[in-house]
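Read off the chains here:
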Amino acid sequence: MQLNTAFIWLVCLVAACGGLLFGYDWVVIGGAKPFYEAFFNITDPFTSGWAMSSALVGCIAGAMVSGYMSDNIGRKKTLIIAAIFFTVSAWGTGYYDDFSWFVFYRIVGGVGIGIASGISPVYIAEMSPADRRGKMVAVNQLTIVIGILAAQIVNLMIAESVSANATLADIAASWNGQMGWRYMFWAELVPAVAFFVLMFFVPESPRFLVKKGRDAEAVAVLTRLGGSDYAKATLNEIKVTLRGDEKASASLKETLDKKYLPVLIIGCYLAFYQQWSGTNVIFNYAQEIFASAGFDINSTLKSIVATGLINLIATVVALPLVDKIGRRRLMLLGAGGLTIIYILMATAYALGILGLPVLALVLATIFIYAITLAPVTWVLLSEIFPNRIRGMAMSLATLSLWVGCFLLTYTFPMINAALGASGSFGLYCIICAVSFIFIYKKVPETKGVSLEQLEKILVKA
């Protein structure tokens, strides 16, 4: 088998641009937060939480429709639509002076995130050979991390220095408060337009094509990926799992059938847990976390970039480990490692040990998360669902992820106000410990196994 490595990398990197935009759009608001809050005069935790979490309403909506769209119009066209949502959101969020329109365009961007977060890894998994699938899908997480770091660097470059004694009114009257936060959102237009254009130059997923009875087109794509022998063998495997009338799109009712339910529960739980592992709170509420540790706005922006660099380094380290160590072991390492770190963070805040020790623990949290839960969750979600229901099941799992993320992001200001930083991280410690037990008992190893073979293992007829 002669794999066309360059072509495989090309199509996967283009699809992974959805991950890059996901990462940028998701994190850019954290750096813009002190400035748009001053501009819109946001002073209460409920409005602050809504501004931060409003995009998640769109994420939930995007996740809900992504499975139906990808199963009916294809993975490729669905990602093109996601690119349109990213582009419109990037422009609109920074353009309007009214808070309602700001929220509206954040929700529009959330729809793009909800679609891309589910379909980009599915497309990559369906285009990748079994022995490289973990690494290729993990590349999607790498682009998410690059998008996160890009947003953090853009925010740092755009923001002018803020006086340590600046009031909300001072910030609102400054260039940062009037224009700087807008440019942070507008910078996303460049990768969003590039993603839209590049998606027209990659092929449709061969598994979707077979599902729609377009075998000749599927063979052409598979041949470009690995030659005629690879195309023939892979086509036969796909057809075994898509027998007869099963080529039609799976309904929600069928996806929830008892034979699929165990694997669906695993996928939805892992997606929900990835958000409630607590790390995304650090990205979204970095300002509050670092402020509580004694950092001013200028130091906070630099510290946020430090978290992005650690995130990137750890994700690069994770790429070969996904296929070498395996998915299950990395997930256990992540849940166990975060449990220990959150104990230390809760203790540090309780004892008033702030400043650099908290920064060090935050960076350790990001490193553990980025080398384990962040990439491996997406790899597992792209692998464990059967061909027949993959689009709809991935949609449900992604919906679970964004519902979890919405609840996490919206409630954090209130949880933090009620429990304090120490109690908040204590809560995440308990969640990670429970999830360690779940993963140990329920999650199988999937490395090196074809998608069709996994279906035979995980789904009992």
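Throughout this document, residue positions are counted from 1 along each chain, in the order its sequence is written. In keeping with the predicted nature of the model, local features appear solely for residues at pLDDT of at least 70, side-chain atom pairs appear and are counted solely at 80 or more, and the whole-chain, interface and lining totals rest on all residues. Where side-chain values are given, they derive from all heavy atoms of the structure, hydrogens and water being excluded.

**Focus on the overall build of the protein**
To keep things clear, this is the line we draw: Every helix listed is a DSSP run of H or I at least four residues long, and every strand listed is a run of E at least two residues long, numbered separately from the N terminus. When checking whether two residues touch, look at their non-hydrogen atoms; a contact exists if any pair is within 4.5 Å. Accessible areas in this description were obtained via Shrake-Rupley with a 1.4 Å probe; residue shielding takes into account the shown protein chains only.
Along the protein, the regular secondary structure elements total 21 helices and zero strands. Put simply, 85% of the contacts in the protein that link residues at least 6 apart link residues at least 24 apart. When the accessible surface of the protein is totalled, it reaches about 16800 Å², and 68% of it is carbon and sulfur.

**So, the nonpolar core**
Put simply, the rule reads: Side-chain atoms within 4.5 Å link the members of a nonpolar core, which is a set of buried Ala, Val, Leu, Ile, Met, Phe, Trp, Tyr and Cys residues. To sort residues, take the accessible area from a 1.4 Å probe on protein chains only and compare it with the maximum for the residue type: under 20% means buried, over 50% means exposed, and anything in between is partly exposed.
Formed by 134 residues in total, the largest nonpolar core has its most connected members in Tyr36, Phe385 and Trp402. For this core, the element with the most residues is helix H20 (residues 390-442), which contributes 19 residues. Filtering out sequence-adjacent residues up to four positions away, Phe385 remains in contact with Val263, Leu264, Gly267, Arg390, Ala393, Met394 and Ala397.

**Here's the deal with helix H18 (residues 356-371)**
An α-helical turn contains 3.6 residues, so any two residues separated by three or four positions project in the same direction. Stated precisely, the cut-off is as follows: Given the number of residues in a helix, its expected span is that number minus one, multiplied by 1.5 Å.
If you check H18, its first and last C-alpha atoms are 23 Å apart, about what 16 residues at 1.5 Å a residue would give, namely 22 Å. Of all the residues in H18, the buried ones are Val358, Leu359, Leu361, Val362, Thr365, Ile366, Ile368, Tyr369, Ala370 and Ile371.

**Quick word on helix H13 (residues 261-276)**
Between its first and last C-alpha atoms H13 spans 22 Å; for 16 residues at 1.5 Å apiece the expected length is 22 Å, and the two agree. For H13, the complete set of buried residues consists of Val263, Leu264, Ile266, Gly267, Cys268, Leu270, Ala271, Tyr273, Gln274, Gln275 and Trp276. With its phi angle positive at about 100°, Gly278 sits one or two positions after the end of H13.

**Thoughts on the pattern of salt bridges**
Filter applied, for reference: Salt-bridge detection follows one rule: a side-chain nitrogen of Lys or Arg within 4 Å of a carboxyl oxygen of Asp or Glu.
Under the definition given, this model contains seven salt bridges. With its nearest N and O atoms 3.1 Å apart, the salt bridge here joins Lys33 to Glu37. One end of the pair, Lys33, and the other, Glu37, are both in helix H2 (residues 17-39), four residues apart, so they sit about a helical turn from each other. When sorted by exposure, Lys33 lands in the same class as Glu37, which is buried. Among the salt bridges present, the one from Asp71 reaches Lys211, with a minimum N-O distance of 3.4 Å. With Asp71 in helix H3 (residues 45-72) and Lys211 in helix H10 (residues 206-211), this pair connects stretches of sequence that are 140 residues apart. By the burial criterion, Asp71 is buried, and Lys211 matches it. Taken together, the salt bridges that share partners define one network made up of Asp71, Arg75, Glu126 and Lys211.

**Concerning a nonpolar patch on the surface**
So the rule is basically this: Patches here: salt-bridge-free residues with over 30% relative accessible area, like charges joined within 9 Å, nonpolar side chains (Val, Leu, Ile, Met, Phe, Trp, Tyr) joined within 5 Å.
A cluster of nonpolar side chains, namely Val193, Val197, Phe200 and Phe201, defines an oily patch on the protein surface of about 410 Å² accessible area. Positionally, Phe200 belongs in the loop between helix H9 (189-198) and H10.

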